[in-house]
Amino acid sequence: MINVSNDVYNDAAAITTSDTDNHVWTFDAFHVGGAGTVVVVLENAVTVTLVGCLAGNVYRLRGIRINATSTTATNLVGLRYK
């Protein structure tokens, strides 16, 4: 369950981008270390392209994967509530 009133995540792991392999667990949000575009595959298999993601920001999207193709942002970290 996501607590939208309190952005406290208690698990994190680096995201390796891939066009086929999902992240080891579904993430509730992700942190962008280096600015750019992020192509996220959501939990419901919908693909969303976020252009202009800023370094140092957390984006609250529940996803299973970040695609390698067209993703230019770097140092991505998946965050979740456990």
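This is a predicted model, so every value here is computed, not measured. Here, residues in each chain are numbered from 1, in the same order as that chain's written sequence. For this predicted model, a pLDDT threshold of at least 70 governs which residues receive local features, and a threshold of 80 or more governs which side-chain atom pairs are given and counted, while totals over whole chains, interfaces and linings are taken from all residues. Where side-chain values are given, they derive from all heavy atoms of the structure, hydrogens and water being excluded.

## Notes on the sheet that holds strand E3 (residues 36-42)
For clarity, the cut-off: At least two bridges found by DSSP between two strands is the condition for calling them paired. In this description a helix means any DSSP run of H or I spanning at least four residues, a strand means any run of E spanning at least two, and both kinds are numbered starting from the N terminus. The angle between two axes is taken between their N-to-C directions and runs from 0 to 180 degrees, where each axis is a line fitted to C-alpha atoms and a helix contributes only its stretch in contact.
Reading across from one edge, E4-E3-E6 is the order of the 3 strands in this open sheet, with antiparallel pairing throughout. Among the strands making up the open sheet, the edge pair consists of strand E4 (47-53) and strand E6 (63-66). Sheet twist, expressed as the average angle between the axes of neighbouring strands with direction ignored, equals 30 degrees. Where E3 lies against E4, 5 bridges are found, and the strand directions are antiparallel. Counterpart to Val-39 in the pairing with E4 is Thr-49.

## Topic: the environment of Asp-28
Quick reminder of the rule: Each polar contact in these results corresponds to two N or O atoms within 3.5 Å; when the atoms are within protein, one needs to be able to donate a hydrogen and the other to accept it, and residues that are neighboring in sequence are counted only if both atoms are side-chain atoms.
As for its placement among the helices and strands, Asp-28 is situated in the loop between strand E1 (11-14) and strand E2 (29-31). In this structure, the C-alpha to C-alpha distance between Asp-28 and Thr-71, residues 43 residues apart in sequence, is 19 Å. In this structure the side chain of Asp-28 is engaged in a polar contact, spanning 2.2 Å, whose partner is the side chain of Arg-62.

## Some details on the sheet that holds strand E5 (residues 58-59)
The sheet built from 4 strands is open, its strands ordered E1-E7-E2-E5 with antiparallel pairing. Edge positions in the sheet fall to E1 and E5, since each has one partner strand and no second. Alignment of E1 against strand E7 (residues 77-80), held across 4 bridges, turns out to be antiparallel. Looking at the pairing, Ala-14 lines up with Val-77 of E7.

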